[in-house]
Amino acid sequence: MTELKNDRYLRALLRQKVDRTPVWMMRQAGRYLPEYRALRQQVGDFMSLCRDPDLACEATLQPLRRFELDAAILFSDILTIPDAMGLGLHFVQGEGPRFKTPIQERRQIEQLVIPDPLTDLKYVIDAVTTISHELDGAVPLIGFAGSPWTLATYMVEGGPTKQFAIIKSMMYREPQSLHLLLNKLAVAVTDYLNAQIAAGAQSIMIFDTWGGVLSSDCYRAFSLDYMQQIVEGLTHSARGRRVPVTLFSKNSSQWLEWIAQSGCDAVGIDWTCELGDARARVGHQVALQGNMDPSVLYAPVDVIEQEVARILAQYGSEAGHVFNLGHGIHQDVPPEHVAAFVNAVHRLSQPYHALS
Ligand code: CP3
């Protein structure tokens, strides 16, 4: 077993006792950090940063040098899989990700080849190896992927969307074509995550950013079922330790019980759901990750501390809480506010763990 100096995050995911609540932030590496902006400017574009394992490692470690975070997350993107499938990923300044060849017809779906992570996505797997070596057990490393549904929205729409008109029209007019695409993506994601685990990832997170735009029946059929298929196909243990899996569907608290029954170890929740209610609804089945509104980090430090205290009190003294934001950190948040947030979680959570 690799020696881990700080295993609070893994212990909390397995609902074991900890000395203080572990904390990390979705999108913790990124543009709110001046050192990230400098690195990014030096390299030119985001994907070049992802494609170079040493630079991806540097971006991963930057937030850990500043803040006492309890986990590191691989610096990469969810869209590496569709890119490896040949869709031609690029980023348009101010508009976000775009694909040169979006999926427009069934024939394209039939022709999609499932990427081999060790060749087609070698740069990501090499980054995992480099980062886990550099971390040297300081904190656990989180590997990740997008959910099939969320990846499919970008692949079919060709970029970000507000209405999801193209993919939803495919869903209602040609459901079998969409199922074929989601099936291929589920296999691709499973292979990709298992390769990340083999290379050193100690925990896995699946980002389903757009699951919450679906009706209940469609969420189950087009998003959750495929995430469940992935969870079933993952290597759940590596280097003598369990590799916990967290599922995060944004805007999905109405389906919390379903998600908790998927076989995952933890469920990420956004700020629209009260953490104490969430715990009562899922019982002891899973750990919970969340759930401060990222916009709270715009507020003065005393307000940030009040919000942290409120969320800790809502959760109470039970094991199984990983503190996080309810979605990714905004890019214009002052880093000093982040430091205050992380320190507040550690300081204010101690009494909850001392009692039990
Ligand atoms: O969390 C981390 O620090 C690890 C790295 C990470 C990134 N993207 C880096 C990134 C992770 C886990 C992601 C996941 C991701 N990527 C999601 C799911 C999570 C979520 O926030 O809902 C989604 C939907 C994407 C797709 C994507 N990639 C978008 C919408 C964007 C933003 C485009 C923009 O210009 O605003 C990206 C680019 C991206 N991914 C950046 C980073 C640091 C910014 C790149 C830059 O301009 O330097």
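Criteria and thresholds
- Residues numbered from 1 in each chain as written.
- Predicted model: local features only at pLDDT ≥ 70, side-chain atom pairs only at ≥ 80, totals over all residues.
- Heavy atoms only, no water.
- Helix = DSSP H or I, 4+ residues; strand = E, 2+ residues; numbered from the N terminus.
- Rg over C-alpha atoms; globule rule 2.2 N^0.38 Å.
- Buried < 20%, exposed > 50% of the residue type's maximum accessible area, 1.4 Å probe, protein only.
- Contact = heavy atoms within 4.5 Å.
- Lys, Arg positive; Asp, Glu negative; His and termini not counted.
- Charge placed at Lys NZ, Arg CZ, Asp CG, Glu CD.
- Pairing = 2+ DSSP bridges.
- Phe/Tyr/Trp six-rings, centres within 6.5 Å; stacked < 30°, edge-to-face > 60°.
- Salt bridge = Lys/Arg side-chain N within 4 Å of Asp/Glu carboxyl O.
- Near = heavy atom within 4 Å.
- Polar contact = N/O pair within 3.5 Å; in protein donor to acceptor, adjacent residues only side chain to side chain.
- Areas by Shrake-Rupley, 256 points an atom, 1.4 Å probe, with all protein chains shown as cover.
- 1 Å grid on protein atoms, 1.4 Å probe; cavity = no way out; pocket = protein on both sides within 12 Å on 5 of 7 lines; lining within 4 Å.
- Sits in = over half its atoms within 2 Å of the grid points.
- Nonpolar A, V, L, I, M, F, W, Y, C, P; charged D, E, K, R; others polar.
- Points joined across faces, edges and corners; volume = space filled by probe spheres on them.
- Core = buried A, V, L, I, M, F, W, Y, C linked by side-chain atoms within 4.5 Å.
- Axes fitted to C-alpha atoms, helices over the stretch in contact; angles between N-to-C directions.
- Parallel < 35°, antiparallel > 145°, perpendicular 65-115°, else oblique.
- Left-handed = near helix turned anticlockwise from the far one by under 90°.

For the rest of this paragraph, the subject is the overall build of the protein chain. Broken down by element type, the protein chain carries 15 helices and 11 strands. Against the 2.2 N^0.38 benchmark of 21 Å for 356 residues, the protein chain shows a C-alpha radius of gyration of 19 Å, consistent with a compact globule. Considering only C-alpha atoms, the protein chain reaches an extent of 60 × 45 × 40 Å along its principal axes. Burial statistics for the protein chain: of 356 residues in total, 57% are counted as buried. Counting only contacts in the protein chain whose residues sit at least 6 apart along the sequence, the fraction spanning at least 24 positions is 74%. Looking at the protein chain, you have 31 positive and 39 negative side-chain charges, and the mean spots of the two groups are 1 Å apart.

Taken across its 5 residues, strand β8 (residues 245-249) has 5 buried, putting it largely inside the fold. Neither face of β8 is open: one carries V245, L247 and S249, the other T246 and F248, and all of them are buried. Where strand β5 (residues 203-208) meets β8, 5 bridges bridge the pair, whose relative direction is parallel. If you follow F207 over to β8, its bridge partner there is F248. Two elements, β8 and strand β9 (residues 266-268), share 3 bridges in a ladder whose sense is parallel. In the strand pairing of β9, L247 is matched with V267.

Ordered by their spatial adjacency, 7 strands build an open sheet running β1-β4-β5-β8-β9-β10-β11, and the pairing between neighbours is parallel. Looking at which strands have only one partner, the edges of the open sheet turn out to be β1 (72-73) and β11 (321-325).

Moving on to the packing of aromatic side chains. Taken as a whole and assessed by the stated rule, the structure comprises 7 aromatic pairs. Between the aromatic rings of F46 and F91, the centroid separation amounts to 5.1 Å while the plane-to-plane angle is 90°, which identifies the pairing as edge-to-face. Placement of the pair is F46 in helix α3 (residues 46-51) and F91 in strand β2 (residues 89-92), with a sequence separation of 45 residues. Overall, F91 belongs to the partly exposed group, its relative accessible area being 36%. Plain terms: the ring middles of F164 and W210 are 5.3 Å apart, the flat faces sit at 55° to each other, and that makes the pair tilted.

With that settled, the discussion passes to the pattern of salt bridges. With the rule as written, the count across this model stands at 16 salt bridges. Between R98 and E95 there is a salt bridge; the shortest N-O distance is 2.8 Å. The class of R98 is partly exposed, set by a relative accessible area of 26%. Under the relative-accessibility criterion, E95 is labelled partly exposed at 45%. One salt-bridge network, in which partners are shared between bridges, spans R8, D19 and D70.

The immediate surroundings of the ligand are formed by 23 residues, with Y36, R40, D77, T209 and H327 found nearest. Contact between the ligand and R40: an oxygen atom at 2.5 Å from a side-chain N or O atom of the residue. T209 places a polar side-chain atom, nitrogen or oxygen, 2.7 Å from an oxygen atom of the ligand. Relative to its unbound accessible surface of 890 Å², the ligand loses 89% to contact with the protein. Applying the majority rule of atoms within 2 Å of the grid points places the ligand in the largest pocket. For the shell around the ligand, the elements supplying multiple residues, two or more each, are α2 (34-43) and β3 (96-99). Residue composition of the shell around the ligand, by class: 14 nonpolar, 5 polar and 4 charged.

What follows concerns empty space enclosed by the protein. What the rule picks out here adds up to 4 cavities of 30 Å³ or more. There is about 40 Å³ of room inside the largest cavity. Lining of the largest cavity is provided by T21, L312, Y315, G316, E318, H321, Y352 and H353. In terms of residue class, the lining of the largest cavity is made up of 3 nonpolar, 4 polar and 1 charged.

It is characteristic of soluble globular proteins that their nonpolar side chains tend to be buried jointly. One finds M155, L178 and F341 to be the most contacted residues of the largest nonpolar core, which totals 128 residues. At 12 residues, the largest contribution of residues to this core is made by helix α10 (residues 175-199). Leaving out residues up to four positions away in the same chain, F341 has contacts with V23, M25, M292, L297, I304, V308, F323 and L325.

Turning next to the packing of helix α7 (residues 122-135) against α10. Between α7 and α10, the least distance of the axes is 8 Å, while the angle of their chain directions is 30°. Classed by the angle they form, the pair α7 and α10 counts as roughly parallel. Between α7 and α10 the crossing geometry is right-handed. Within the contact between the two elements, α7 uses V124, I125, V128, T129 and S132 and α10 uses Y192, A195, Q196 and A199. Looking at the contact of α7 with α10 residue by residue, the class counts come to 6 nonpolar, 3 polar and no charged.

Taken N-terminus to C-terminus, the directions of helix α8 (residues 148-157) and α10 make an angle of 120°; their axes are 9 Å apart at the nearest point. With respect to α10, the axis of α8 lies oblique. Helix-helix and strand crossings are classified by hand; for α8 and α10 the assignment is right-handed. Two secondary-structure elements touch here, α8 through P148, W149, L151, A152, M155 and V156 and α10 through L178, L181, L182, L185, A186 and V189. Partitioned by chemical class, the residues of the contact of α8 with α10 number 12 nonpolar, no polar and no charged.

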